[in-house]
Amino acid sequence: MNAPVTEFRRTALTAQIERVVASTPAIDMHTHLYDPTLGGLLLWGIDDMLVYHYLVAEAFRWLDVPAEKFWLMTKLEQAELIWKRLFLDHSPISEACRGVLTTLHRLGLEVKQRDLPAVREWFKQWPVDTYITRCMELANVEAIFMTNSPFDSAERPVWQKGFLRDDRFIAALRVDPLLVDWPNAATRLAGWNYQVGEGLSANTLDEVRRFLADWTRLIEARYLMVSLPPDFAWPANSDAAQLIEGAILPHCREFGLPFALMLGVRRAVNPRLHLAGDALGPSDLSALANLCAAFPENKFLVTVLSRENQHELCVLARKFPNLHVFGCWWFTNVPYLVDEITRLRLELLGTAFTVQHSDARVLDQIIYKWDHTRKVVAHALVDKYADLAATGWEPTAAEIERDVRNLFGGAFTQFCGPAKSAF
Ligand code: FIX
Ligand code: ZN
């Protein structure tokens, strides 16, 4: 029979694991942050934190202004209204509200004053570059993956002109417009001198590959990425299914790059809320199983938005070595579900997955997103290592450090492997 670990041993184990989890640098493998020299696209500071779409959605639970009127307000006015409704008129206990407070607290501000003008003043002292370093230190993040879209008219010209890269920011090529709205994407590609027709002929697919190759090289992308609705199916006659098979996956094989699938988003369920109006639905993961089975040479990085899909995703990752599970995405990034999902993954996959990505849209958010995740993950790991210790398998410090490194980016790096010489 297993001897239960003593209270004393558990306390020591807890302290050790909390220390390792706090001090292990994370690779933030999916964000909406930008290299600071990329045309001023990087958002940071209190007002951008307050108008984050997670908070906008929550503010509308209390707002008496119609959405159309809200969007006519300036960013500062919106931020003030959100601050009043979500922080002053009610206690800010939701995860997104608490996140703002954790961030300010870790930055050294006194949140108890509830003084928005003073917080705004404090942010004015920071040059962006020093501030990036500060946020990355506090979050203990060593690399930030961006979301880079050639279809974004703010981003596209800056890449084409060229700029001196900040090597803390790594590019990921986002292809949603290509896959979810092919007729419009085809028109744009044709305008950029790719010889594409509306139908997905062999020649058109080759030209899409030429487009992907040009952008992969230009931005030095480390993976390609798309988010897809719950009804995505493969195989199918849809544009998305044909483009994935005929262009995206051959391109990924040629360049040795993974394809990241974020599954289960229902866009614009309430378009009046803009970015805050997206919702979710459970995906049919047989599409994913079919892709993993049909293309063993391709690597798939996958996260799912619906709680209902989490268990099946783990089971699929047990079947397909070319599938790597990552992060607790968006509506699942609340401690309650991070705890549940992380425990499920640890029990089904060991440490062969990536525990979290921040999905930050505002730089400062990396502080709270990683802080909250680390606390939950440490608790889950204490239970798992205590279970091992009860069998007599005492984990060594080096083993714990190795495992935590894997969960926070090591397994992801190993899964991606080196890119190919097609670069
Ligand atoms: O598709 C995505 O990458 C999503 O993460 C975003 O569209 C979403 O708006 C978001 O910010 C979620 O955290
Ligand atoms: Zn995202």
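Attention here is on the structure that accompanies the text. (Residues numbered from 1 in each chain as written. Chains lettered and ligands numbered in written order. Predicted model: local features only at pLDDT ≥ 70, side-chain atom pairs only at ≥ 80, totals over all residues. Heavy atoms only, no water.)

Brief notes about the environment of Lys420
Take Lys420: it is sitting in the segment after helix 18 (397–416). Note: C-alpha distance between Lys420 and Leu200 (220 residues apart in sequence) is 27 Å. Those residues in contact with Lys420, other than ones at most four positions away along the chain, are Arg253, Glu254, Phe255 and Gly256. Separated by 2.9 Å, the side chain of Lys420 and the backbone oxygen of Arg253 make a polar contact. (Helix = DSSP H or I, 4+ residues; strand = E, 2+ residues; numbered from the N terminus. Contact = heavy atoms within 4.5 Å. Polar contact = N/O pair within 3.5 Å; in protein donor to acceptor, adjacent residues only side chain to side chain.)

Observations concerning the packing of helix 6 (residues 95–106) against helix 17 (residues 365–391)
The N-to-C vectors of helix 6 and helix 17 enclose an angle of 105°; their axes lie 8 Å apart at closest approach. When the axis of helix 6 is compared with that of helix 17, the two are roughly perpendicular. Residues Glu95, Ala96, Arg98, Gly99, Val100, Thr102, Thr103 and Arg106 of helix 6 pack against Ile367, Tyr368, Asp371 and His372 of helix 17. When its residues are assigned to classes, the contact of helix 6 with helix 17 shows 4 nonpolar, 4 polar and 4 charged. (Axes fitted to C-alpha atoms, helices over the stretch in contact; angles between N-to-C directions. Parallel < 35°, antiparallel > 145°, perpendicular 65-115°, else oblique. Nonpolar A, V, L, I, M, F, W, Y, C, P; charged D, E, K, R; others polar.)

Some remarks on helix 13 (residues 239–255)
For helix 13, which comprises 17 residues, the first-to-last C-alpha distance of 23 Å matches the rise-based estimate of 24 Å (1.5 Å per residue) to within 8%. At Glu245, helix 13 shows its maximal bend, which comes to roughly 40°. If you check which residues of helix 13 are buried, you get Ala240, Ala241, Leu243, Ile244, Ala247, Ile248, Leu249, Pro250, His251, Cys252 and Phe255. Backbone geometry just after helix 13 places Gly256 at a positive phi near 70°. (Expected span 1.5 Å × (residues − 1). Bend = angle between axes of the 7 residues up to and from the residue. Buried < 20%, exposed > 50% of the residue type's maximum accessible area, 1.4 Å probe, protein only.)

With respect to the packing of helix 15 (residues 310–319) against helix 16 (residues 335–349)
Taken N-terminus to C-terminus, the directions of helix 15 and helix 16 make an angle of 25°; their axes are 10 Å apart at the nearest point. In terms of orientation, helix 15 lies roughly parallel with respect to helix 16. You can see that helix 15 and helix 16 cross each other, and the crossing is right-handed. On helix 16, the residues that touch Gln310, His311, Cys314, Ala317 and Arg318 of helix 15 are Ile341, Leu344, Arg345, Leu348 and Leu349. Of the residues in the contact of helix 15 with helix 16, the class split is 6 nonpolar, 2 polar and 2 charged. (Left-handed = near helix turned anticlockwise from the far one by under 90°.)

Quick notes on the packing of aromatic side chains
Inspection of the entire model under this criterion finds 21 aromatic pairs. Ring geometry for Trp122 versus Phe123: centroids 4.9 Å apart, planes at 85°, classification edge-to-face. We classify Phe123 as buried; its relative accessible area is 6%. Taken together, Trp44, Trp122, Phe123, Trp126 and Tyr131 form an aromatic cluster joined through their ring pairs. The cationic tip of Arg156 hangs over the ring face of Trp192; the distance from NZ or CZ to the ring centre is 3.5 Å. The ring of Phe415 is capped by Lys299, whose NZ or CZ atom sits 5.9 Å from the centre of that ring. (Phe/Tyr/Trp six-rings, centres within 6.5 Å; stacked < 30°, edge-to-face > 60°. Lys NZ or Arg CZ within 6 Å of the ring centre and 35° of its normal.)

Observations regarding the coordination of the zinc ion (ligand 2)
Looking at the zinc ion (ligand 2), one finds its protein donor set to be His30 (NE2), His32 (NE2) and Asp359 (OD), positioned 2.0 to 2.1 Å from the metal centre. Ordering the donors of the zinc ion (ligand 2) by residue number gives the pattern H-x1-H-x326-D. Of this pair, His32 sits in the loop between strand 1 (26–28) and helix 2 (46–50) while Asp359 sits in the loop between helix 16 and helix 17; the two residues are 327 residues apart in sequence, bridging distant segments of the chain. (Donors = N, O, S within 2.8 Å, 3.2 Å for Na, K, Ca; no water.)

Some details on the site of ligand 1
Taken together, His30, His32, His53, Tyr54, Arg174, Ser227, Met262, Arg267, Trp329, Trp330, Asp359 and Arg361 make up the full set of residues adjacent to ligand 1. The separation between an oxygen atom of ligand 1 and a polar side-chain atom of His53 is 2.9 Å. Here an oxygen atom of ligand 1 and a side-chain polar atom of Trp329 are 3.0 Å apart. Considering ligand 1 on its own, with 330 Å² of exposed area, one finds that the protein chains cover 98% of that surface. Grouping the amino acids of the shell around ligand 1 by side-chain chemistry returns 4 nonpolar, 4 polar and 4 charged. (Near = heavy atom within 4 Å. Areas by Shrake-Rupley, 256 points an atom, 1.4 Å probe, with all protein chains shown as cover.)

None of this, on its own, says anything about what the molecule does.
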